[in-house]
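# Tertiary structure, described
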Amino acid sequence: MKIGILGTGSIASIMANTITKMNDANITCYAVASRTLSKAQTFANQHHISHAYGSYEDLVKDPNIDLVYIATPHSSHYEDALLCLQYKKAILCEKPFTVNHKQAQHIFQLANEANIFVAEAIWTRYMPSKAILQDLLANEIIGNVHSLQANIGYQLQSVERMNNPMLAGGALLDIGIYPIHFAMMVFGQEASLVSSYAYIQDGVDLMDSITMQWPDGKMAVLHATMMTNTEKDAYIYGEKGYIKIQNINNPEVIYIYTQDHQLVNTIQVPQQISGYEYEVIACHKALSQGQLECKDAPHALTLHVLQFMDNIRKQWNLTYPFE
């Protein structure tokens, strides 16, 4: 599987390094594209990539590329995905897949009609830590679970795109998506949005509070902020104790406690290159089997979460200028 990368930012760099360190003869980082050839060539030289292109269209025209990894800002994902589909390229697109549900629905419709593989690179859905956690809950290690809390925050106010409503800036799409996915991984996708609040400044949400509830009464309380670095931990509470997940953005350790706060077990997640390798492996497997989506992050899930975030923004009366 020859992979072409659209974009030369930090995420693209992590992916290129990851593919190289996977040391898999069946998976190679074949090409990279930027809006200028000089940037693409510099990136290619740094990561030992054989082909560099000065436009995204030049890359997707390359008949040797099997999968395009879209690592551009999320405000560009829709148009970049459309370009890939125009040239019949399979897609792995960074999260959020698009800015809203409508855009994603259109991409998936076109892809399915043309029998083209498309997947969202929401990395936590592909990691082995997901199965570890779900197995613990299925075995009722802390009894029947009833609630969870999840927190994530980064100091991103100095990042230009995060403050620009024309680029769909704000905390929700960039980092709030992680606790939402986490809550749905634990309790399922049938959640209703109870309430959400945001601190909005100049057309973008700087800090979010989200409460979700499930038909059986389970509840999640989530917090996301771009105003400061926070601990990125989650707690799942049950009748016999609770579980702490260290770093919901890339789980590192899972701690199990009794009701009286006694630590009874510590579970280390498998060592990894960066965490990106799991989504690459999943794409390779799906493509080799002729599938149009990944079972870990199917189209229906991407659409569901985007609709959920659309509904959150409706509560805030927040729309982006281009919507």
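Presented here is a report on the structure given in the accompanying data block. (Residues numbered from 1 in each chain as written. Predicted model: local features only at pLDDT ≥ 70, side-chain atom pairs only at ≥ 80, totals over all residues. Heavy atoms only, no water.)

The subject of this paragraph is the pattern of salt bridges. A full pass over the atoms with the stated rule returns 7 salt bridges. Across the pair Asp174 and Arg161 runs a salt bridge whose closest N-O atoms are separated by 3.0 Å. On the criterion of sequence distance, the pair formed by Asp174 in helix α7 (residues 171-187) and Arg161 in the loop between β7 (145-153) and α7 is long-range, its members being 13 residues apart. Arg161 gets classed as partly exposed once you look at its relative accessible area, which sits at 29%. Note that Asp216 is salt-bridged to Lys218, the shortest N-O span being 2.6 Å. Overall, the relative accessible area of 53% leaves Asp216 in the exposed class. Taken together, the salt bridges that share partners define one network made up of Lys130, Lys295 and Asp296. (Salt bridge = Lys/Arg side-chain N within 4 Å of Asp/Glu carboxyl O. Helix = DSSP H or I, 4+ residues; strand = E, 2+ residues; numbered from the N terminus. Buried < 20%, exposed > 50% of the residue type's maximum accessible area, 1.4 Å probe, protein only.)

Right, let's talk about the side chain of Asp208 for a bit. Take Asp208: it is sitting in strand β9 (residues 204-213). The buried charged residue Asp208 lacks any salt bridge, with Arg313 as its nearest oppositely charged partner at 9.6 Å. Here Leu172 takes part through its backbone nitrogen, which lies 3.3 Å from a polar atom of the side chain of Asp208. In contact with Asp208, not counting residues within four places along its chain, are Ala171, Leu172, Tyr197, Ala198, Leu222, His223, Ala224 and Trp316. (Lys, Arg positive; Asp, Glu negative; His and termini not counted. Polar contact = N/O pair within 3.5 Å; in protein donor to acceptor, adjacent residues only side chain to side chain. Contact = heavy atoms within 4.5 Å.)

Here we come to the packing of helix α5 (residues 101-113) against helix α9 (residues 299-316). At a minimum axis separation of 9 Å, α5 and α9 run at an interaxial angle of 160°. Here α5 is positioned roughly antiparallel relative to α9, judged by the angle of their axes. Read as a crossing pair, α5 and α9 show a hand that is left-handed. Facing α5, whose interface residues are His101, Ala104, Gln105, Phe108 and Asn112, α9 presents His299, Thr302, Leu303, Leu306, Gln307 and Asp310. Broken down by class, the residue content of the contact of α5 with α9 amounts to 4 nonpolar, 6 polar and 1 charged. (Axes fitted to C-alpha atoms, helices over the stretch in contact; angles between N-to-C directions. Parallel < 35°, antiparallel > 145°, perpendicular 65-115°, else oblique. Left-handed = near helix turned anticlockwise from the far one by under 90°. Nonpolar A, V, L, I, M, F, W, Y, C, P; charged D, E, K, R; others polar.)

In this section: the state of the cysteines. Here, the word disulfide means a covalent bond between the sulfur atoms of two cysteines. Summed over the entire model, instances satisfying the criterion amount to 0 disulfides. Not engaged in a disulfide, the cysteine Cys93 finds its nearest cysteine sulfur in Cys84; these two sulfurs lie 8.4 Å apart. Looking at the unpaired Cys283, the closest cysteine sulfur is the one in Cys294, lying at 4.1 Å. Taking the relative accessible area as the measure of exposure, Cys283 reaches 0% and is therefore buried. (Disulfide = S-S within 2.5 Å.)

As a further point, take empty space enclosed by the protein. Space left empty within the atom packing is revealed by a probe, the size of a water molecule, rolled over the atoms. Under the definition given, this model contains 2 cavities of 30 Å³ or more. Approximately 110 Å³ is the volume found for the largest cavity. Looking at the largest cavity, the residues that line it are Thr124, Ser129, Lys130, Leu133, Gln134, Phe182, Met185, Ile245, Ile248, Pro251 and Ile254. Those elements that provide at least two residues to the lining of the largest cavity are α6 (128-138) and α7. Top element by residues in the lining of the largest cavity is α6. It accounts for 4 residues. Grouping the amino acids of the lining of the largest cavity by side-chain chemistry returns 7 nonpolar, 3 polar and 1 charged. In this model, the second largest cavity occupies a volume close to 30 Å³. Looking at the second largest cavity, the residues that line it are Met127, Pro128, Ser129, Asn250, Pro251, Val269, Pro270, Gln272 and Tyr278. Looking at the lining of the second largest cavity residue by residue, the classes come out as 6 nonpolar, 3 polar and no charged. (1 Å grid on protein atoms, 1.4 Å probe; cavity = no way out; pocket = protein on both sides within 12 Å on 5 of 7 lines; lining within 4 Å. Points joined across faces, edges and corners; volume = space filled by probe spheres on them.)

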